[in-house]
Amino acid sequence: MSKILHISNKDAGENHVSNGSGWTYFNWCLPVGLLTCAWLSLSYDIPVSRFFQSGQIPGFLREIVENTEPFGHGIGVVILMMTCAIVHRERSGSYVYAGAIALGAGLCTNVLKFGIGRSRPRDLDLANLNLSETFSGWFPYLNGVTTSQSFPSGHTTVAWALAAVFCHLHPHARMYFIGLAMFVGYGRVQCSAHFPSDVLVGAALGWTVASVAVRRLPVAFENHNQKKTSNITTQNSPQAQAA
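Model, not experiment: these values are computed from the prediction.

Draft legend 1. The arrangement of the packing of helix α6 (residues 92-115) against helix α9 (residues 196-216) in detail. Where α6 contacts α9, the axes come no closer than 9 Å and their chain directions differ by 135 degrees. Compared by their axis directions, α6 and α9 come out oblique. The two elements α6 and α9 cross, and the hand of that crossing is right-handed. In this structure, α6 uses Ile101, Ala105, Cys108, Thr109 and Leu112 to contact α9, whose residues at the interface are Leu205, Gly206, Val209, Ala210, Ala213 and Val214. Its residues assigned to classes, the contact of α6 with α9 comprises 9 nonpolar, 2 polar and no charged.

Draft legend 2. A look at unusual backbone geometry. Across the junction of Phe151 and Pro152, the peptide omega takes the value -15 degrees, indicating a cis bond. Structurally, Pro152 is set in the loop between β2 (135-138) and α7 (154-169). For Ser192, which is not a glycine, the phi torsion comes out positive at approximately 60 degrees. Relative to the elements of secondary structure, Ser192 occurs in the loop between α8 (174-190) and α9.

Draft legend 3. Focus on a nonpolar patch on the surface. Residues Phe114, Trp138, Phe139, Tyr141 and Leu142 make up a contiguous nonpolar surface patch of about 570 Å² in total accessible area. With respect to the helices and strands, the residue Trp138 is situated in strand β2.

Draft legend 4. The packing of aromatic side chains, seen in detail. What the rule picks out here adds up to 8 aromatic pairs. Residues Phe26 and Trp207 carry aromatic rings whose centres are separated by 6.5 Å and whose planes lie at 85 degrees to one another, so their mutual orientation is edge-to-face. Of the two residues, Phe26 is situated in helix α2 (residues 21-41) and Trp207 in helix α9; the sequence distance between them amounts to 181 residues. Assessed through its relative accessible area of 0%, Trp207 is described here as buried. In textbook terms, an aromatic cluster arises when at least three aromatic residues are bridged by ring pairs, as seen for Tyr95, Phe166, Tyr176 and Phe177.

Draft legend 5. A look at the nonpolar core. In terms of nonpolar packing, the biggest core is built from 36 residues, with Met81, Tyr95, Trp160, Leu162, Val165, Phe166 and Trp207 touching the most fellow members. Ranked by residues supplied to this core, first place goes to α7 with 11 residues. Membership of the second largest hydrophobic core comes to 5 residues, among which are Ile46, Leu124, Leu126 and Phe195.

Draft legend 6. The side chain of Thr68, seen in detail. Residue position: Thr68 is located in the loop between α4 (59-66) and α5 (74-87). Taking relative accessible area as the criterion, Thr68 reaches 14% and is therefore assigned buried. From its side chain, Thr68 meets the backbone oxygen of Val65 in a polar contact 2.6 Å long. When sequence neighbours within four positions are dropped, the list of residues in contact with Thr68 reads Leu180, Phe183 and Val184.

Conventions we followed
Residues take numbers from 1 onward in each chain, read along the sequence in its written order. It should be noted that, the model being predicted, local features are given only for residues of pLDDT at least 70 and side-chain atom pairs only at 80 or more, the latter also being counted only at that level, while totals for whole chains, interfaces and linings use all residues. As a convention, hydrogens and water are excluded, and side-chain values are obtained from all of the structure's heavy atoms. Every angle, taken between N-to-C directions, lies between 0 and 180 degrees, and every axis is a line fitted to C-alpha atoms, over only the stretch in contact when it is a helix. Here a strand is any run of E in DSSP of at least two residues, a helix any run of H or I of at least four, and the numbering for each starts at the N terminus. By definition in this entry, angles of less than 35 degrees are roughly parallel, angles greater than 145 are roughly antiparallel, angles of 65 to 115 are roughly perpendicular, and the rest are oblique. Each crossing gets its hand from how the near helix is turned against the far one by less than a right angle, where anticlockwise is left-handed and clockwise is right-handed. In this analysis, two residues are considered to be in contact whenever any of their non-hydrogen atoms come within 4.5 Å of each other. Polarity classes work like this: nonpolar for Ala, Val, Leu, Ile, Met, Phe, Trp, Tyr, Cys and Pro, charged for Asp, Glu, Lys and Arg, and polar for all others, with Gly in that last group. Like charges within 9 Å and nonpolar side chains (Val, Leu, Ile, Met, Phe, Trp, Tyr) within 5 Å are joined into patches, using only residues over 30% in relative accessible area that form no salt bridge. Using a 1.4 Å probe, the Shrake-Rupley method yields the accessible areas, and only the shown protein chains count as cover for residues. Salt bridges are defined as contacts in which a side-chain nitrogen from Lys or Arg sits within 4 Å of a carboxyl oxygen from Asp or Glu. Each Phe, Tyr or Trp ring, with Trp reduced to its six-membered ring, pairs with another whose centre is within 6.5 Å; inter-plane angles below 30 degrees give stacked pairs, above 60 give edge-to-face pairs, and intermediate values give tilted ones. Each residue gets one of three labels from its accessible area relative to the maximum for its type: buried under 20%, exposed over 50%, partly exposed in between, using a 1.4 Å probe on protein chains only. Here, nonpolar core means buried Ala, Val, Leu, Ile, Met, Phe, Trp, Tyr and Cys residues that are tied together by side-chain atoms lying within 4.5 Å of each other. Polar contact is the term for a pair of N or O atoms within 3.5 Å; when the atoms are in protein, one must be able to donate a hydrogen and the other to accept it, and sequence-neighboring residues count only if both atoms are side-chain atoms.

Below, the structure written as C-alpha cells:
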C-alpha cells in the first residue's frame with residue numbers, strides 16, 4: 001500500500017509542477033520574450049550570418065550541434081515518438097499526441113513560409129546586403145519564387161513544440177528539453193539555413209502552438225497518467241499478490 005501511495009504522490013507532484021502558477025507564467029511569457037528578441041535581433045541578422053558563413057566555428061562544435069537536428073526534423077520526430085511509444089507502452093497515446101502536436105506546429109510554419117518570402121543566408125551574398133533585401137515580398141510562391149523559405153525556421157518550430165509537450169509530460173527534465181530545442185535553433189543559424197530572427201520566431205510559434213494544444217487536449221494526457229497509476233495499483237493490490 002505504501003508503494004502505491006508513493007507512486008500516486010509522485011505522479012501528483014509531477015502534475016503540480018507542470019501546472020503550477022510559476023510554470024504557467026513562464027509558459028506564456030516565454031513566447032513573448034522570444035518574439036521581442038526576434039524584433040531586436042533583426043538589425044543583427046546579417047552580421048551574425050556573416051560570422052557563421054566565415055567558417056570560424058570549430059569543427060567539433062559544428063558536428064555536435066548538427067547532430068541535434070533530428071529533434072526538429074519531421075522524420076526524426078516520428079522515429080523518436082515511435083521509440084518512446086514502444087518503450088513506454090502504458091503512455092503510448094501521449095507520445096502519439098506529442099508527435100502530432102509537433103508536426104502540426106511545423107505545418108503552421110509552412111503557412112507562414114507561403115505568405116512571407118525571405119531568402120536563406122546561404123543563398124545570399126551577405127557582403128553588401130541590406131536587411132530589406134533578404135525579404136522577397138508577400139506570397140512568393142504565387143510570384144514564382146520557390147527559394148524563399150527562411151522565415152520562420154521549421155526545424156526550430158518543431159523542436160520547440162516537442163520540447164513544450166515533453167515539458168508537460170516530464171516536468172522534472174524540462175530544462176533539458178528546452179536546452180535541446182535551443183541547440184536545434186542555434187544549429188539552423190550555424191549552418192546558414194536561417195537568420196537569428198527566423199529561429200526566434202519559429203521557437204515562439206512552436207512553443208505557443210504546443211502550449212495551446214496541451215491546454216485544449218488535457219484529457220489525452222491525463223487519461224494515460226491515470227491509466228498508468230491504475231495499472232500499477234492493480235498489480236500491487238493484495239488480491240493480485242495473492243494470485
